[in-house]
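Tertiary structure, described
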Amino acid sequence: MAAPFGIDDERIASANQKLQPTLREDFDHLAHVLRRTHIDIEGLVARAAAFTVAIPSWGVGTGGTRFARFPGPGEPRDIHEKLDDCAVVFRLVRATPAVSVHIPWDRVESPAALRAFALERGLHFDAMNSNTFQDHPDQALSYKFGSLSHPDGAVRRQAIAHNLECIDIGQALGSTALSVWIGDGGNFPGQMHLRGSLERYLESMREIYSALPAGWRLFLEHKAFEPAFYSTVINDWGTSYYCARELGPRAWCLVDLGHHGPNVNIEMVVARLLQLGKLGGFHFNDSKYGDDDLDAGSIKPFQLFLIFNELVDAELEGLEGFNPAYMLDQSHNVTDPIESLMLSAMEVVRAYVQAHLVDRAALAAAQERCDALGALTLLKAAYHTDVTPILATARLAAGGAIDPIATYRASGYRQRKAEERPTRDRVGAGIV
Ligand code: PSV
Ligand code: MN
């Protein structure tokens, strides 16, 4: 059988060749502008090059809503094909060398062989994701009414065992973290005992926590609502913080940008968790009305910048224990998932680099003299700086594409996959 089509270095280099003179001009101009405020552009290129954000294996498939899913051509049909697509994102954008898998969606016979398969593509594995928000084939008991917080101890034990299996698989894959998001909650007032369900969750999580291998972290992901629409067990950052603190130093809070009520000040949530020493990481995406899993930076790019403003502030200060894990977690319903992931990864790096442009000494001085408008102006000055040439130069130096989306489109990758991957029933995510 012919080897699957891929995007090779030559194709990337020849696309870059045409764009390089313009990039050089734009870069030199930006370097000149930044010099006025004594910012060294090469330092920013180095920061952009060092920044990474993981890709969720489920992100390369087409997502859907409760109403429908409209599959795209050439969708990956198993974890190997998903890794092939993740490798394309990585080759072109360079900032995404890690992939986060979900069990049972990505279950394989030999995790060690899968690790080798990923390594051949320059990829490694990020956090493991357990799944007790849906029933698995051949599972004895249902999660319809909950998992880690279920009133029935047997269901809780089954959910705990699943999480322990995820840790085992993760060890073989070379992962060092487990993210736990549960869909547990109620649709009716009175359906569940609100305090009792949280107690049961904690009891289950204690068992999972105590099984963590050396060097592993446990990420607790909260979500305001969905699939439960009246009450959710791990509903907000305060509950998440309480549980992480109860569990111990290896338990951390994970912030998914789509998991808050509308208009929640997420950068403040980030600042609080940083201050309390429990910010474990992020699932980046965007949201307009609720948890839509829209593409990162597509709706509220200023919010993304403000989140990174908090992160970079902590990074530059050398805040103790600062080591957040970054990942995308989106549902691509109407776009080519590879294009969405590339653009989103670039938007995340953009926000990170822009946050490094903030004049922090001047900001502190503005805050001291209670100069609200002066402070905002300093943030806006950074946010309005177009750092595209910095991002493109970092990609180019790492062997990536100056214009990843144009290079991808011109390669015909999707069309080739449509031929190579005739549709078959896709096992895996529903809404994602
Ligand atoms: C839940 O909405 C979530 O954000 C969790 O991270 C899941 O693991 C992921 O989406 C996939 O459905
Ligand atoms: Mn998430």
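Each remark here, short or long, concerns the structure printed above.
In short, a report on the structure. (Residues numbered from 1 in each chain as written. Chains lettered and ligands numbered in written order. Predicted model: local features only at pLDDT ≥ 70, side-chain atom pairs only at ≥ 80, totals over all residues. Heavy atoms only, no water.)

For the rest of this paragraph, the subject is the overall build of the protein chain. Scanning the protein chain from N- to C-terminus turns up 15 helices and 10 strands. Taking 2.2 N^0.38 as the reference for a compact globule, 432 residues should give roughly 22 Å; the C-alpha atoms of the protein chain span a radius of gyration of 22 Å, in line with that estimate. If one aligns the C-alpha atoms of the protein chain with their principal axes, the spans along those axes are about 65 × 65 × 40 Å. Across the protein chain, contacts joining residues at least 24 apart in sequence account for 79% of those joining residues at least 6 apart. Counting every atom, the protein chain has about 19,500 Å² of accessible surface; 55% of that belongs to carbon and sulfur. In the protein chain, the 41 positive side-chain charges and the 54 negative ones have mean positions that sit 1 Å from each other. (Helix = DSSP H or I, 4+ residues; strand = E, 2+ residues; numbered from the N terminus. Rg over C-alpha atoms; globule rule 2.2 N^0.38 Å. Contact = heavy atoms within 4.5 Å. Areas by Shrake-Rupley, 256 points an atom, 1.4 Å probe, with all protein chains shown as cover. Lys, Arg positive; Asp, Glu negative; His and termini not counted. Charge placed at Lys NZ, Arg CZ, Asp CG, Glu CD.)

At the metal site, the manganese ion (ligand 2) is ligated by E221 (OE), D256 (OD), H283 (ND1) and D329 (OD), and these contacts range over 2.1 to 2.2 Å. If you look at the manganese ion (ligand 2), its six donor atoms make angles of 71 to 165 degrees with each other, and the shape they trace is octahedral. Counting the intervening residues between successive donors of the manganese ion (ligand 2) yields the motif E-x34-D-x26-H-x45-D. With H283 in strand β9 (residues 279-284) and D329 in the loop between β10 (325-328) and α10 (337-355), the pair connects residues that are 46 residues apart, well separated along the chain. (Donors = N, O, S within 2.8 Å, 3.2 Å for Na, K, Ca; no water. Tetrahedral: all angles 85-135°; square planar, octahedral: opposite > 155°, others 65-115°.)

Next up on the list: the sheet that holds β10. Adjacent strands of a sheet pair through backbone hydrogen bonds, lying either parallel or antiparallel. Read from one edge of the open sheet, eight strands run β1-β2-β3-β4-β6-β8-β9-β10, paired in parallel fashion. Looking at strand neighbours, the two that pair on one side only are β1 (55-56) and β10, the edges of this open sheet. Where strand β2 (residues 98-102) and strand β3 (residues 124-129) come together, four bridges link them in parallel fashion. Bridge assignment links A98 to a residue of β3, and that residue is H124. The strands that helix α5 (residues 153-173) touches are β2, β3 and β4 (177-180); relative to β3, the one it contacts most, it runs at about 175 degrees. (Pairing = 2+ DSSP bridges. Axes fitted to C-alpha atoms, helices over the stretch in contact; angles between N-to-C directions.)

Before going further, it helps to examine the site of ligand 1. Taken together, the neighbourhood of ligand 1 is formed by 13 residues, with H102, E221, K223, H259 and D329 sitting nearest. Between ligand 1 and E221, the relevant distance is 2.7 Å, taken from an oxygen atom to a side-chain nitrogen or oxygen of the residue. Here D329 contributes a side-chain N or O atom positioned 2.8 Å from an oxygen atom of ligand 1. Notes on ligand 1: free accessible area 310 Å², of which the protein chains cover 96%. Taken together, the residues of the shell around ligand 1 break down into five nonpolar, three polar and five charged. (Near = heavy atom within 4 Å. Polar contact = N/O pair within 3.5 Å; in protein donor to acceptor, adjacent residues only side chain to side chain. Nonpolar A, V, L, I, M, F, W, Y, C, P; charged D, E, K, R; others polar.)

Geometry only, nothing functional implied.
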